Amino acid sequence: DAKFKEILNVDQKFGLAEYIAANTSHTFKLKSTIPPLREIFVGREDLIEKIGHTFSSGRKALFLRGIGAIGKTELAKNFAFSVKSLYNTVVFAAFSTTLRDLLCDDHAIEIENLSRRPRETTDSYFPRKLDVLQSLAEDHSILLIIDNFDVENDPDLKAVMACGCDVLFTTRCSHQGYAEIDVGSLPQEELLSLFSQNYEKTSGEAPDEAETPDIIR
């Protein structure tokens, strides 16, 4: 019949999968992804509270800034666990090249019933997936954590920040004009506690309290 001929023509020109994908409506659902927490986490309660206050005050994007290995990632993960009951979905994604590549990565940010079509370019898929994410954020509370955003800028930064989600970045770079929280070293007392707990976990015995301050200094 006429419909069959239409599908056949589309299949010959563009591919049947593309036709079906373009002409089928789906219910989309963003999948939560939070990596497991480290067994030992000390301090940072003040920063976790500050992050929560930033988002609850209406800010939709926040940068956790600090040097490498200072604890930004674990801070972001612990914040996510502390507030996950307040969000319908929490997504943790590691930045690598560009925000466009990250958003188009269906393993990093997975939306049920949405995937890249055959021969669909990143430049075509990005706005389509962003539109779906924005529509989901209209009806759901979403926390998107983008880890290791260690670049000063990205062409799609404003678009991602305007997607309707609460977006939390961890970064080594300054992003002037946006909300930032500096993540510094732990106070000496908390460093001692962190070292002692890790030492005891790995060695099975408590460290020498007299020598510990010199070790971590």
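Whatever comes next refers back to the structure up there.
So, how was this worked out
Residues numbered from 1 in each chain as written. Predicted model: local features only at pLDDT ≥ 70, side-chain atom pairs only at ≥ 80, totals over all residues. Heavy atoms only, no water. Helix = DSSP H or I, 4+ residues; strand = E, 2+ residues; numbered from the N terminus. Buried < 20%, exposed > 50% of the residue type's maximum accessible area, 1.4 Å probe, protein only. Contact = heavy atoms within 4.5 Å. Core = buried A, V, L, I, M, F, W, Y, C linked by side-chain atoms within 4.5 Å. Axes fitted to C-alpha atoms, helices over the stretch in contact; angles between N-to-C directions. Left-handed = near helix turned anticlockwise from the far one by under 90°. Nonpolar A, V, L, I, M, F, W, Y, C, P; charged D, E, K, R; others polar. Phe/Tyr/Trp six-rings, centres within 6.5 Å; stacked < 30°, edge-to-face > 60°. Salt bridge = Lys/Arg side-chain N within 4 Å of Asp/Glu carboxyl O.

What to know about the overall build of the protein chain
When you go through the protein chain residue by residue, the secondary structure sums to nine helices and seven strands. Taken over 217 residues, the protein chain has a buried fraction of 37%. Contacts in the protein chain between residues far apart in sequence, at least 24 positions, make up 68% of those at least 6 positions apart.

Here we look at the nonpolar core
Ranked by size, the top nonpolar core spans 32 residues in total, and within it Leu 30, Ile 109, Ile 146, Phe 149, Cys 165 and Phe 169 carry the most contacts. Elements represented by at least two residues in this core include exactly β2 (61-65), β3 (89-94), α5 (99-104), α6 (122-139), β5 (142-147), α7 (157-161) and β6 (166-171). For Ile 146, the residues in contact, after removing those within four places along its chain, are Ala 93, Phe 95, Leu 99, Leu 102, Val 160, Val 167, Leu 168, Phe 169 and Thr 170. Ranked by size, the runner-up nonpolar core spans 21 residues in total, among them Ile 51, Leu 75, Leu 168 and Ala 179.

Some details on the packing of helix α3 (residues 45-56) against helix α4 (residues 72-83)
Interaxial distance between α3 and α4 falls to 10 Å at its minimum, and their mutual angle equals 65°. Here α3 runs over α4; the crossing is right-handed. Judged by residue contacts, Leu 47, Ile 48, Ile 51, Gly 52 and Phe 55 of α3 engage Leu 75, Asn 78, Phe 79 and Ser 82 from α4. Residues belonging to the contact of α3 with α4 are distributed by class as follows: six nonpolar, three polar and no charged.

Here's the deal with the packing of aromatic side chains
This structure, assessed with the given rule, holds six aromatic pairs. When the centroid spacing of 6.2 Å and the interplanar angle of 35° are considered together, the rings of Phe 55 and Phe 79 count as tilted. With Phe 55 in helix α3 and Phe 79 in helix α4, the pair connects residues that are 24 residues apart, well separated along the chain. Classification of Phe 79 as buried rests on a relative accessible area of 2%. Arranged with centres 5.0 Å apart and planes meeting at 45°, the rings of Phe 149 and Phe 169 form a pair that is tilted. In this pair, Phe 149 sits in the loop between β5 and α7 while Phe 169 sits in strand β6, placing the two residues 20 residues apart along the sequence. Across this residue pair, the class does not change: Phe 149 and Phe 169 are buried. An aromatic cluster of at least three residues, connected via ring pairs, comprises Phe 63, Phe 95, Phe 149, Phe 169 and Tyr 178.

Examining unusual backbone geometry
Located in the positive-phi region is Arg 119, a residue other than glycine, with phi close to 70°. By the element assignment, Arg 119 lies in the loop between β4 (111-112) and α6. The exposure class assigned to Arg 119 is exposed, which follows from its relative accessible area of 65%. Positive phi, normally seen in glycine, also occurs at Asn 148, with a value near 60°. Inspection of the secondary structure assignment puts Asn 148 in the loop between β5 and α7. Given the relative accessible area of 34%, Asn 148 is considered partly exposed.

Remarks on the side chain of His 175
Among the secondary structure elements, His 175 is positioned in the loop between β6 and β7 (180-182). Not counting the four nearest positions on each side in its chain, His 175 is found in contact with Phe 63, Phe 149, Val 151, Glu 152 and Glu 180.

Concerning the pattern of salt bridges
Scanning the entire structure with this criterion turns up 10 salt bridges. Among the ionic pairs, Lys 129 bridges to Asp 106, the shortest N-O distance being 2.7 Å. Of this pair, Lys 129 sits in helix α6 while Asp 106 sits in the loop between α5 and β4, placing them 23 residues apart in sequence. Judged by its relative accessible area of 0%, Lys 129 falls in the buried class. Under the relative-accessibility criterion, Asp 106 is labelled partly exposed at 22%. Note that Asp 150 is salt-bridged to Arg 172, the shortest N-O span being 3.8 Å.

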